[in-house]
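# A closer look at the structure
As a plain string of letters, each chain reads:
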2 protein chains.
Amino acid sequence: MAGAEWKSLEECLEKHLPLPDLQEVKRVLYGKELRKLDLPREAFEAASREDFELQGYAFEAAEEQLRRPRIVHVGLVQNRIPLPANAPVAEQVSALHRRIKAIVEVAAMCGVNIICFQEAWTMPFAFCTREKLPWTEFAESAEDGPTTRFCQKLAKNHDMVVVSPILERDSEHGDVLWNTAVVISNSGAVLGKTRKNHIPRVGDFNETQFGRIAVNICYGRHHPLNWLMYSINGAEIIFNPSATIGALSESLWPIEARNAAIANHCFTCAINRVGTEHFPNEFTSGDGKKAHQDFGYFYGSSYVAAPDSSRTPGLSRSRDGLLVAKLDLNLCQQVNDVWNFKMTGRYEMYARELAEAVKSNYSPTIVKE
Amino acid sequence: MAGAEWKSLEECLEKHLPLPDLQEVKRVLYGKELRKLDLPREAFEAASREDFELQGYAFEAAEEQLRRPRIVHVGLVQNRIPLPANAPVAEQVSALHRRIKAIVEVAAMCGVNIICFQEAWTMPFAFCTREKLPWTEFAESAEDGPTTRFCQKLAKNHDMVVVSPILERDSEHGDVLWNTAVVISNSGAVLGKTRKNHIPRVGDFNETQFGRIAVNICYGRHHPLNWLMYSINGAEIIFNPSATIGALSESLWPIEARNAAIANHCFTCAINRVGTEHFPNEFTSGDGKKAHQDFGYFYGSSYVAAPDSSRTPGLSRSRDGLLVAKLDLNLCQQVNDVWNFKMTGRYEMYARELAEAVKSNYSPTIVKE
């Protein structure tokens, strides 16, 4: 059952476990219990009308004398593709823009300051097909393509920072395609972009009015050093827009972004798509199985993880959803001062050892009898 | 309830969830389901007689044409201190030797090739008291102290590699104390030692007849780079003998060692103590709370995690236990060839960036409007 039949881990546990046990299970699996946010009724009504899930949680920090709470509300969006993958490109993009606009309006009612959409959100996740057309037609300029202009309007209208992961066409540099996230300030200005390449690049660390954010796209979440570099460069919230399927990664999903939040004393936001996307042409997957027309089931389950090892429940495995989390960024420093991983990490030695290890004549240190 | 009242996550889930849901919960939380090992009846009988838990699981890999399965059986031991912390030092050590000898004999019946005990296993975990005597009297020479000699006998008798984490007194270098793990070959020879300092040192990577092992002591598990360096130096199994309590870390416990197994394509073995250890003198913990006489509740829950994101259930939160896991080390390379984190990690760039980041004049890369 890696498909849609099973709604969510949390729903299952809440349905079957007696309260005292449920509390223990949640303590061990999810850390400190989070307060549910009191989101406006109109937001729930709109979410219900538009048929998507809405959840909200607060991560709180201890009161301090010299710093006020540094509250920021983040929004994570997961969604199915509203039109089939063989609909005309322009219609698919428009339908996605409409869908996201409706969800962002609810996020605005909930006071969201920074919102992040799923990886390559303007298209089906068609990389599995290894076909070029029509998928490359979904690529746009990160600086002034229609989706970036659309997001700039959203950002300005709602005073909201928008993280928009798209397929980028860089026509100024040989028409190269990139898997890119564009960061748009709440003023509407394009603040920067980051490309999926597992290392920090220009634009990865963006300081907004609401805090310092970074975007670690999809596969980058498997690399602890990638998260570390964002954190060393000051990121307090790292978004991880992803597209990943049940059979491949569902048991990695609750581990990696959460470990990154713990190891780096920061918040991480893991976002996945929902549903099965059917492609017009069959393709194979190098796994010895017969040709098929879908990549697999995208299991949603988007969540926010905190530096103190607490996390929100995941959004559903099967429905579009908006997860709103109220973060007090003071928690990052507070946890830093308790666990001190940055102080105790022997980074200078690691830098030296890593530099040695990548040399072609490096031989591992192994003690034998 | 961070204490002994709640037996284990697994017991709770198995008691309350209907089978199809239980399977889904386990798939999401634990990955691929593991086969239970068919351990000898005499082993279960001995474990029952000696009043400790015995569990066994197999991690299997796909069959290959050119390599045979590289099977190794590891044993993880968690235990309470058998005598109160105010008993005479020599009696406490003897009682622990006796206890461990009984457990190792059961491990031998189960065909264990490599066994690892908990952190500072020959003593109460007395660092919380900040007192010197009598705790420093538990320190021994790593090379030829009574505990190392005891373990050498065990190793030889049972043809078993022994990982023995002790408090070390290095009398050849200024009588310095170290939190050290000694690795003893199945021949009985001391193969090396590793000291808790969050970075690899001489003796960390030990090649035994059964595979290449490393020991990452306790707090080192919070540092992803520490695990990485062991792995880059060839470790296929990394033991993490620990002593950690419920209120502090129980929600980090299922995450960190498991993330390390995933990120580094290796096996990790997380081992924790069990029970509450009461000290003769009260002490404070810098948390604003009144003086007390114990560090907190050690919640056991030892487990083995595999590179494919599967893991064993944890041993109990409240009982002494031996966890036997049959590993096929071929799984490491097989998962490596699927996920390719070593191939895709930009280590050269990280080495360069880290070397920059530790400079005193480094300033983070932050993009502002």
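Relevant structure appears above.
Residues numbered from 1 in each chain as written. Chains lettered and ligands numbered in written order. Predicted model: local features only at pLDDT ≥ 70, side-chain atom pairs only at ≥ 80, totals over all residues. Heavy atoms only, no water.

This part covers the interface of chain A and chain B. Taken together, the contacts link 78 residues of chain A with 79 residues of chain B. Here chain A is connected to chain B by two salt bridges. The partner of A:Glu250 in a salt bridge is B:Arg27, and the shortest N-O contact between them spans 2.9 Å. The interface formed by chain A and chain B holds 26 residue pairs in polar contact (both at pLDDT 80 or more) in total. Considering every element that reaches the side of chain A that touches chain B, the biggest residue donor is helix H11 (residues 347-357) of chain A, with nine residues. (Contact = heavy atoms within 4.5 Å. Salt bridge = Lys/Arg side-chain N within 4 Å of Asp/Glu carboxyl O. Polar contact = N/O pair within 3.5 Å; in protein donor to acceptor, adjacent residues only side chain to side chain. Helix = DSSP H or I, 4+ residues; strand = E, 2+ residues; numbered from the N terminus.)

Moving on, we come to the environment of A:Val72. Residue and element names in this part refer to chain A. If you trace the backbone, Val72 turns up in strand E3 (residues 71-78). Relative accessible area serves as the criterion here: at 0%, Val72 is assigned to the buried category. Along the primary structure Val72 and Val304 are separated by 232 residues, whereas in three dimensions their C-alpha atoms are 13 Å apart. Beyond its immediate chain neighbours, meaning those up to four positions away, Val72 contacts Asn113, Ile114, Phe210, Ile237, Ala325, Lys326, Leu327 and Leu329. (Buried < 20%, exposed > 50% of the residue type's maximum accessible area, 1.4 Å probe, protein only.)

Right, let's talk about the packing of helix H4 (residues 89-109) of chain A against helix H5 (residues 146-158) of chain A for a bit. Residues and elements named next belong to chain A. One can describe the packing of H4 onto H5 by two numbers: an axis separation of 11 Å at closest approach and a directional angle of 15°. Taken together, the axes of H4 and H5 are roughly parallel relative to one another. Relative to H5, the crossing made by H4 is right-handed. Between H4 and H5, the contacting residues are Val93, His97, Ile100, Lys101, Val104, Glu105 and Ala108 on the first element and Pro146, Thr147, Phe150, Leu154 and His158 on the second. By residue class, the composition of the contact of H4 with H5 is seven nonpolar, three polar and two charged. (Axes fitted to C-alpha atoms, helices over the stretch in contact; angles between N-to-C directions. Parallel < 35°, antiparallel > 145°, perpendicular 65-115°, else oblique. Left-handed = near helix turned anticlockwise from the far one by under 90°. Nonpolar A, V, L, I, M, F, W, Y, C, P; charged D, E, K, R; others polar.)

Once that is clear, we can look at the pattern of salt bridges. Residue and element names in this part refer to chain B. Tallying each qualifying case throughout the model produces 46 salt bridges over all chains. A salt bridge links Arg195 to Glu168; its shortest N-O distance comes to 3.0 Å. Remark: Glu168 occurs in strand E5 (residues 161-170) and Arg195 occurs in strand E7 (residues 190-195); sequence separation between them is 27 residues. Judged by relative accessible area, Glu168 falls into the buried class, the value being 0%.

We now examine helix H6 (residues 224-232) of chain A. What sets the pattern is the α-helix's 3.6 residues per turn: residues three or four places apart point alike. All names here are of chain A. The element H6 is extensively covered by neighbouring structure, given that eight of its nine residues are classed as buried. Where H6 is concerned, the buried positions are Leu225, Asn226, Trp227, Leu228, Met229, Tyr230, Ser231 and Ile232. Count one or two residues on from H6 and you reach Gly234, which has phi positive near 100°.

Here we come to the layout of surface pockets. Of the volumes computed, that of the largest pocket is approximately 1,600 Å³. In terms of lining, the largest pocket is formed by 43 residues, of which the most central are A:Val338, A:Trp339, B:Ile245, B:Ala247 and B:Leu248. Among the elements of the structure, helix H9 (330-339) of chain A together with helix H7 (246-249) and strand E13 (292-299) of chain B are those that each provide at least two residues to the lining of the largest pocket. (1 Å grid on protein atoms, 1.4 Å probe; cavity = no way out; pocket = protein on both sides within 12 Å on 5 of 7 lines; lining within 4 Å. Points joined across faces, edges and corners; volume = space filled by probe spheres on them.)

What follows covers unusual backbone geometry. All names here are of chain A. Here the amide bond leading from Leu133 into Pro134 is cis, since omega sits at 0°, within 30 degrees of zero. Phi is positive for Asp51, which is not a glycine, with a value near 60°. By secondary structure assignment, the location of Asp51 is in the loop between helix H3 (41-49) and strand E2 (53-59). Assessed through its relative accessible area of 48%, Asp51 is described here as partly exposed. Positive phi, close to 55°, is recorded for His265, a residue that is not glycine. Its place among the elements puts His265 in the loop between helix H8 (253-264) and strand E11 (267-271). For His265, a relative accessible area of 6% corresponds to the buried category.

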